[in-house]
Amino acid sequence: MPHVVAPVPDGLSHPPVRVGLVGAGPWARAMHARMLAAGPETALTAVWARRPEAAAELAQAHGARAAGSFEELLDHCEAVAFAVPPAVQAGLAVQAAAAGRALLLEKPLGADLAAARAVADAVAEHGVVSQLVLTKRYHPATRAFLAEAATREVLGARSCYLHGAFLGGEFATGWRLEHGALLDLGPHLLDLLDSAVAPIVSVRGTGDPRRWTELTCEHENGAVSQASLSGSVSLPRARTRIELFGPGEELVYDTADLDHEECWPVLRREFADAVRTGTGTGIDAARGLRLQELLDQAGKA
């Protein structure tokens, strides 16, 4: 790969991280491409997708190169962002890690536990930086909630992540409709419960992931939490809510009034810092594997 020295933007101590994007679907268009191209910490340098015309259109909109192959994309970036189905991401992420590229990964890491473990193992083997797009984790309100939760004694928790995206529209896509809310929404809620209550030691699931799934989690501190998941219910807008209960006043986290646009600059900055320093945030492939182990346990229960 030719060495390209980019100018250092004002206020930064290093050049923008050159990122290639895999995927040109609705999530790639709505978030990844515009976030990475906005900078200044990153620069979108190339886009590759299985539909060349979609990749070309997205690349042109953001001043990037449309790569003719995944290998060509790797030649024009130092980090790779993925916005593709988990089964596709897993195989390509292993290849990118072997090429020494940092990884910005979607959840879940793979379509199953074996694929997720292959990604995490590749990241560890090749020593590359990885970061997971657990969107809500990058919002200041979420971080304030988790900080406050760390000061509480929690005996039990109730939570839900509900929306109607599977009923139709751009996000009613193949893998989401096949695997349902457990793989799509489960990582977000399990991550927050695992972080806010205490590490989850066991999880049991009931219901149909394509309709409604109910999870019961037992935590390291003896607390028990419930999580309701569905992408097939009609609501005015998505609902994510966590209620923590204990001897003190209840603590509630609700995303109803959150502006998710506040997440992207934080995500971009922290990913770029991780790439330049070689020090990750902990919201990484190893965390993704931990969540996939919980999803696998819930799916088998």
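Attention here is on the structure that accompanies the text. Please read these numbers as outputs of a predicted model, since none were measured by experiment.

1. Description of the overall build of the protein
(1) Moving on: Per the secondary structure count, the protein includes 11 helices and 12 strands.
(2) Moving on: Computed over C-alpha atoms, the radius of gyration of the protein comes to 19 Å, within 12% of the 19 Å expected from 2.2 N^0.38 for 301 residues, which places it in the range of a compact globule.
(3) Moving on: Here the C-alpha coordinates of the protein stretch approximately 60 × 40 × 40 Å along the principal axes.
(4) Moving on: Within the protein, contacts between residues separated by at least 24 positions form 69% of all contacts whose residues are at least 6 apart in sequence.
(5) Moving on: Total accessible area on the protein is roughly 12,900 Å²; 52% of this is exposed by carbon and sulfur atoms.
(6) Moving on: When the 27 positive and 36 negative side-chain charges of the protein are each reduced to one mean point, those points stand 3 Å apart.

2. Describing the pattern of salt bridges
(1) Moving on: If you walk through the whole model with that rule in mind, you get 19 salt bridges.
(2) Moving on: A salt bridge links Asp254 to Arg241; the nearest nitrogen and oxygen atoms lie 2.8 Å apart. Placement of the pair is Asp254 in strand E12 (residues 251-254) and Arg241 in strand E11 (residues 239-245), with a sequence separation of 13 residues.
(3) Moving on: The exposure class assigned to Asp254 is partly exposed, which follows from its relative accessible area of 29%.

3. Observations concerning the side chain of Ser225
(1) Moving on: In this structure, Ser225 sits in strand E10 (residues 224-230).
(2) Moving on: Residues contacting Ser225, with those up to four places away along its chain left out, are Ala157, Leu193, Leu215, Thr216, Cys217 and His219.

4. Looking at the packing of helix H1 (residues 26-38) against helix H10 (residues 263-277)
(1) Moving on: As a packed pair, H1 and H10 sit with axes 10 Å apart at the nearest point and diverge in direction by 55°. The pairing of H1 with H10 is recorded here as oblique in orientation. Classified by chirality, the crossing of H10 by H1 is right-handed. Seen from H1, the contacting residues are Trp27, Met31, Arg34, Met35 and Ala38; seen from H10, they are Trp264, Leu267 and Arg268.
(2) Moving on: Here the contact of H1 with H10 is built from residues that sort into six nonpolar, no polar and two charged.

5. Quick word on the packing of aromatic side chains
(1) Moving on: This model, assessed by the stated rule, comprises three aromatic pairs.
(2) Moving on: With 5.9 Å between their ring centres and 75° between their planes, Trp27 and Trp264 make a pair best called edge-to-face. Here the residue Trp27 occupies a position in helix H1, and Trp264 occupies one in helix H10, the gap between them amounting to 237 residues.
(3) Moving on: The exposure class assigned to Trp27 is partly exposed, which follows from its relative accessible area of 25%.
(4) Moving on: Residue classification places Trp264 among the buried residues on the basis of a relative accessible area of 8%.

6. Here's the deal with the side chain of Ser228
(1) Moving on: Locating Ser228 in the fold gives a position in strand E10.
(2) Moving on: With residues up to four places along the chain from it excluded, the contact list for Ser228 reads Ser159, Cys160, Tyr161, Leu162, Leu189, Trp212, Thr213 and Glu214.

7. Some remarks on the environment of Leu103
(1) Moving on: With respect to the helices and strands, Leu103 occurs in strand E5 (residues 102-105).
(2) Moving on: Under the relative-accessibility criterion, Leu103 is labelled buried at 0%.
(3) Moving on: As a C-alpha pair, Leu103 and Pro265 span 162 residues in sequence and 17 Å in three-dimensional space.
(4) Moving on: In contact with Leu103, not counting residues within four places along its chain, are Val80, Phe82, Ala93, Ala96, Ala97, Val123, Val129, Ser130, Gln131 and Phe271.

8. What about the sheet that holds strand E3 (residues 65-66)?
(1) Moving on: The strand order across the open sheet formed by six strands is E3-E2-E1-E4-E5-E6, and the pairing between neighbours is parallel. Each edge of the sheet is formed by a strand with only one pairing partner; in this case those strands are E3 and strand E6 (130-132).

9. A word on the sheet that holds strand E8 (residues 200-208)
(1) Moving on: Taken together, six strands build an open sheet; the order of strands is E8-E9-E10-E7-E11-E12 and the sheet is mixed. Every interior strand has two partners, whereas the edge strands, E8 and E12, have only one. This sheet shows a mean twist of 10° between the axes of neighbouring strands, independent of strand direction.
(2) Moving on: Docked against the sheet, helix H11 (residues 285-300) engages E8 and strand E9 (212-219), running at close to 50° with respect to E8.

Rules used throughout
- Residues numbered from 1 in each chain as written.
- Predicted model: local features only at pLDDT ≥ 70, side-chain atom pairs only at ≥ 80, totals over all residues.
- Heavy atoms only, no water.
- Helix = DSSP H or I, 4+ residues; strand = E, 2+ residues; numbered from the N terminus.
- Rg over C-alpha atoms; globule rule 2.2 N^0.38 Å.
- Contact = heavy atoms within 4.5 Å.
- Areas by Shrake-Rupley, 256 points an atom, 1.4 Å probe, with all protein chains shown as cover.
- Lys, Arg positive; Asp, Glu negative; His and termini not counted.
- Charge placed at Lys NZ, Arg CZ, Asp CG, Glu CD.
- Salt bridge = Lys/Arg side-chain N within 4 Å of Asp/Glu carboxyl O.
- Buried < 20%, exposed > 50% of the residue type's maximum accessible area, 1.4 Å probe, protein only.
- Axes fitted to C-alpha atoms, helices over the stretch in contact; angles between N-to-C directions.
- Parallel < 35°, antiparallel > 145°, perpendicular 65-115°, else oblique.
- Left-handed = near helix turned anticlockwise from the far one by under 90°.
- Nonpolar A, V, L, I, M, F, W, Y, C, P; charged D, E, K, R; others polar.
- Phe/Tyr/Trp six-rings, centres within 6.5 Å; stacked < 30°, edge-to-face > 60°.
- Pairing = 2+ DSSP bridges.

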